[in-house]
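Close look at the chain arrangement
Each chain, written out:
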Amino acid sequence: MQTIYAFSGLGADSRAFANLDLSGYTVVHIDWLLPNSRESLSDYVLRLAEKYSIPKQGAFVIGISFGGMCLSTLAKTYDFAKIVFISTAKTKYELPRSYRFSKYIPLYKLIPAQQLTKSNAILAWLFSAKTSVEKQLLKETIEGSNPTFLKWAINSIIHWDNTVIPTNFFHIHGDEDRIIPISNVKYMMR
């Protein structure tokens, strides 16, 4: 049975893949590690790949949102058989411009780390959580996230400088995505 390595979104866990039919695959869910002090995203994803023994060639991987960005970064040194990107950016140019401006006016740094794990109506809207089940899952995910990891990951996203589009990918993107709008994304196969 083929193994697929699954990278969830920012602070999320394996529940992000609950509605995908991955039967026929052995799924290895990649759990986020705490970053080392001042660790770059490149070093972080290499450490993740080593921890989960992801083969340097021929692996099948799937990434949602931040997980997809991690895979784009990892694809610079790994030769994946196939990457499935879901609601993510493959390069910095697919991120909203406001993210890039945040490098120069870093207001996000004023948000206390503990505040990042508080669920609210704005986050429910941002993540398009409409039903009570979706809102409850979002609340559990946010409140279960590590604030140190979230603070580091947000900074990594803001400073992400990837310009290389990986090969061997399939990109799926929703037309109501508020975090990475579909208008920013080149969602073709390659």
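**Quick notes on the side chain of His171**
- In this fold, His171 is placed in strand β5 (residues 169-172).
- Among the polar contacts listed, one links the side chain of His171 to the backbone oxygen of Thr88, at a separation of 3.4 Å.
- Polar contacts involving the side chain of His171 include one to the side chain of His173, which spans 3.2 Å.

**Some remarks on the sheet that holds strand β3 (residues 60-64)**
- Spatially, 5 strands are ordered β2-β1-β3-β4-β5 in an open sheet, and the strand pairing comes out parallel. Strands at the two margins of the open sheet, each flanked by one partner only, are β2 (25-30) and β5. Pairwise comparison of adjacent strand axes, ignoring direction, gives a mean angle of 20° for this sheet.
- Relative to β3, strand β1 (residues 2-7) runs parallel, the two sharing 4 bridges. Bridged to Phe7 within β3 is Gly63.
- Across the sheet, helix α2 (residues 66-74) is in contact with β1, β3 and β4 (82-86); its angle to β3 comes to roughly 135°.

**Brief notes about unusual backbone geometry**
- With a phi close to 50°, Ser65 is a non-glycine residue in the positive phi region.
- Tracing the sequence through the fold places Ser65 in the loop between β3 and α2.
- For Ser65, a relative accessible area of 21% puts it in the partly exposed group.

**Topic: the environment of Gly67**
- Tracing the chain through its elements places Gly67 in helix α2.
- The buried category is assigned to Gly67, whose relative accessible area is 0%.
- In this structure the C-alpha to C-alpha distance between Gly67 and Lys103, which are 36 residues apart in sequence, comes to 21 Å.
- Contacts of Gly67, omitting those with residues within four sequence positions, involve Phe7, Ser8, Gly9 and Trp32.

**Observations concerning the nonpolar core**
- Core analysis: the biggest nonpolar cluster contains 39 residues, and Phe7, Ile54, Phe66 and Phe80 have the highest contact counts within it.
- Among the secondary structure elements, those contributing two or more residues to this core are β1, α1 (41-51), α2, β4 and α6 (147-158).
- Excluding residues that lie within four positions of it along the chain, Phe80 makes contacts with Ile54, Gly58, Ala59, Val61, Leu71, Leu74, Ala75 and Asn168.
- In terms of nonpolar packing, the next biggest core, distinct from the first, is built from 7 residues, Ala6, Phe17, Ile64 and Val84 among them.

**Some thoughts on the packing of aromatic side chains**
- Tallied over the full model, the rule gives 11 aromatic pairs.
- Aromatic side chains Trp32 and Phe66 sit 5.3 Å apart centroid to centroid with 50° between the ring planes, which places their arrangement in the tilted category. Within this pair, whereas Trp32 is found in the loop between β2 and α1, its partner Phe66 is found in helix α2, the two being separated by 34 residues in sequence. The same class applies to Trp32 and to Phe66, which are both buried.
- Aromatic pair Phe66 and Trp152: ring centres 6.5 Å apart, planes at 85°, arrangement edge-to-face. You can see Phe66 sitting in helix α2 and its partner Trp152 sitting in helix α6, a full 86 residues away along the chain. For the pair Phe66 and Trp152, one class covers both residues: buried.
- An aromatic cluster is present here, built from Phe7, Trp32, Tyr44, Phe66, Phe149 and Trp152 joined pairwise through their rings.
- The ring centre of Tyr52 lies 5.4 Å from the NZ or CZ of Lys51, which sits over that ring.

What counts and what doesn't
- Residues numbered from 1 in each chain as written.
- Predicted model: local features only at pLDDT ≥ 70, side-chain atom pairs only at ≥ 80, totals over all residues.
- Heavy atoms only, no water.
- Helix = DSSP H or I, 4+ residues; strand = E, 2+ residues; numbered from the N terminus.
- Polar contact = N/O pair within 3.5 Å; in protein donor to acceptor, adjacent residues only side chain to side chain.
- Pairing = 2+ DSSP bridges.
- Axes fitted to C-alpha atoms, helices over the stretch in contact; angles between N-to-C directions.
- Contact = heavy atoms within 4.5 Å.
- Buried < 20%, exposed > 50% of the residue type's maximum accessible area, 1.4 Å probe, protein only.
- Core = buried A, V, L, I, M, F, W, Y, C linked by side-chain atoms within 4.5 Å.
- Phe/Tyr/Trp six-rings, centres within 6.5 Å; stacked < 30°, edge-to-face > 60°.
- Lys NZ or Arg CZ within 6 Å of the ring centre and 35° of its normal.

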